[in-house]
Amino acid sequence: MEINEIIKPENLVYEKPKLMNDNPMHYCPGCSHGVIHKLIAEVIAEMGMEDKTIGVSPVGCAVFAYNYLDIDWEEAAHGRAPAIATAIKRLNPSKMVFTYQGDGDLAAIGTAETIHAANRGENIVIIFVNNAIYGMTGGQMAPTTLVGMKTATCPYGRNVALNGYPLKISNLLAQLEGTCLVTRQSVQNAAAVRKAKKMLRKAFENSMAGKGTSVVEFVSTCSSGWKMTPEQANKWMEENMFPFYPLGDLKNVE
């Protein structure tokens, strides 16, 4: 059988989202970012919002997110994405606006911007990728690093007496009156991917319905920072990250 006999429209079972560019991704093998990008692209296209969506990309591993998704983007200074998204949405209320941030960007230098945007109930979506480490800059300890977890800046493991406790910032955001959806998802298997996509869709719909701030946290891996293979990282995440950052909805206002 020739290849042209196989590649026919009627044989197509899956294809790359049309909103994803052909640029080679810079993410490490096994990184969760690529899957999350794909889900965002699919949801935006399925909602027919290709020309009405504006993303705000962060400082961190996803700093080049604008290279991969063919929508309008704004680059924010480290941690300031929710503030930028606030301005964009208020000036363009018909646009669908989201931020895409890692744990160092959102839960460290951007803690104030995140909390206050959510407390105001800005009609934006905050996508939060939590891999418990500073992945891009060398694997340093992040606010979300687990107790006992080794990083470049706590090589013997996070010590509560010295470093304090991991920050469950999504739990904090769920307590604010301005948030309408705070959910914690993952993308380590097919079932998780399907659930994550469903919650992303709900978050974007909430923003367009003017319900307030939606936060979608992705508990994720960092094979490079954790010094593991992708398979090992997924297993470590399930055994260590999920018990501390359990998946599911923290707040879901209908």
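Residues numbered from 1 in each chain as written. Predicted model: local features only at pLDDT ≥ 70, side-chain atom pairs only at ≥ 80, totals over all residues. Heavy atoms only, no water.

The name given to the protein chain in an unreviewed UniProt entry is Thiamine pyrophosphate-dependent enzyme, with Parabacteroides absconsus as the source organism.

Quick word on the state of the cysteines
The test is simple: Note on terminology: pairs of cysteine sulfur atoms within 2.5 Å are recorded as disulfides. Burial classes: relative accessible area under 20% of the type maximum marks a residue as buried, over 50% as exposed, and values in between as partly exposed (1.4 Å probe, protein chains only).
Taken as a whole, this structure holds 0 disulfides when the rule is applied. The thiol sulfur of cysteine 61 is not disulfide-bonded, and the nearest other cysteine sulfur, from cysteine 222, lies at 6.0 Å. Looking at cysteine 154, it has no disulfide partner, and the nearest cysteine sulfur is the one in cysteine 222, 13 Å off. The exposure class of cysteine 154 is buried, given its relative accessible area of 6%.

Considerations on a negative patch on the surface
Stated formally: Surface patches are defined over residues having more than 30% relative accessible area and no salt bridge, joining like charges when they lie within 9 Å and nonpolar side chains (Val, Leu, Ile, Met, Phe, Trp, Tyr) when within 5 Å. Throughout, the Shrake-Rupley method with a 1.4 Å probe supplies accessible areas, and for residues the shown protein chains are the sole cover considered. The term salt bridge refers to a side-chain nitrogen of Lys or Arg lying within 4 Å of a carboxyl oxygen of Asp or Glu. Counted charges follow a simple rule, with Lys and Arg positive, Asp and Glu negative, and His plus the chain ends left uncounted. The atom standing in for a charge is NZ when the residue is Lys, CZ when it is Arg, CG when it is Asp and CD when it is Glu. The way it works is that DSSP assigns letters per residue, a run of H or I at least four long becomes a helix, a run of E at least two long becomes a strand, and they are numbered from the N terminus.
Together, Glu50, Asp51, Asp70 and Asp72 line one region of the surface with negative charge. Following the sequence through the fold, aspartate 72 ends up in strand β2 (residues 72-75).

Some words on the environment of histidine 116
Positionally, histidine 116 belongs in helix α5 (residues 111-120). On the basis of relative accessible area, histidine 116 is assigned to the partly exposed category, the value being 47%. Expressed as a C-alpha distance, the spacing of histidine 116 and glycine 178, which sit 62 residues apart in the sequence, is 9.2 Å.

Things to note about the sheet that holds β2
By definition, the strands of a sheet pair up through backbone hydrogen bonds, in either a parallel or an antiparallel sense. Our working rule: By definition, two strands form a pair when at least two bridges between them are found by DSSP. Simply put, an axis is a line fit to the C-alpha atoms, just over the touching stretch for a helix, and the angle between two N-to-C directions goes from 0 to 180 degrees. The criterion used for residue contact is that any of the two residues' heavy atoms lie within 4.5 Å.
If you walk across this open sheet you meet the 7 strands as β2-β1-β3-β4-β6-β5-β7, and the pairing is mixed. At either margin of the open sheet sits one strand with a lone partner, and together these are β2 and β7 (248-252). Each neighbouring strand pair of the sheet contributes to a mean axis angle of 15 degrees, computed without reference to strand direction. Sheet analysis places strand β5 (residues 179-185) next to β7, joined by 4 bridges and oriented antiparallel. The partner of arginine 184 across the bridge, within β7, is glycine 248. In the packing of helix α2 (residues 33-46) onto the sheet, the strands contacted are β1 (53-57), β3 (96-102), β4 (125-130) and β6 (213-219), and the crossing angle to β3 comes to about 175 degrees.

Points about the layout of surface pockets
Which entries qualify depends on this criterion: Buried and open spaces are told apart on a 1 Å grid over the protein atoms alone, a cavity being a set of points where a 1.4 Å probe fits but cannot get out and a pocket being an open set with protein on both sides within 12 Å along at least five of seven lines. Residues with an atom within 4 Å of a point are the lining residues. Grid points are joined across faces, edges and corners, and a volume is the space filled by probe spheres set on the points. Each residue gets one of three labels, nonpolar for Ala, Val, Leu, Ile, Met, Phe, Trp, Tyr, Cys and Pro, charged for Asp, Glu, Lys and Arg, and polar for the others, Gly among them.
By volume, the largest pocket amounts to about 220 Å³. Along its surface, the largest pocket is lined by 20 residues, and Val59, Gly60, Cys61, Gly102 and Gly135 are the ones closest to its centre. Residue assignment for the lining of the largest pocket shows that the elements contributing at least two residues are β3 and α4 (103-109). In this model, the second largest pocket occupies a volume close to 180 Å³. Around the second largest pocket, the lining comprises 15 residues; the ones closest to its centre are Cys28, Cys61, Gly135, Cys222 and Ser224. By residue class, the composition of the lining of the second largest pocket is 7 nonpolar, 8 polar and no charged.

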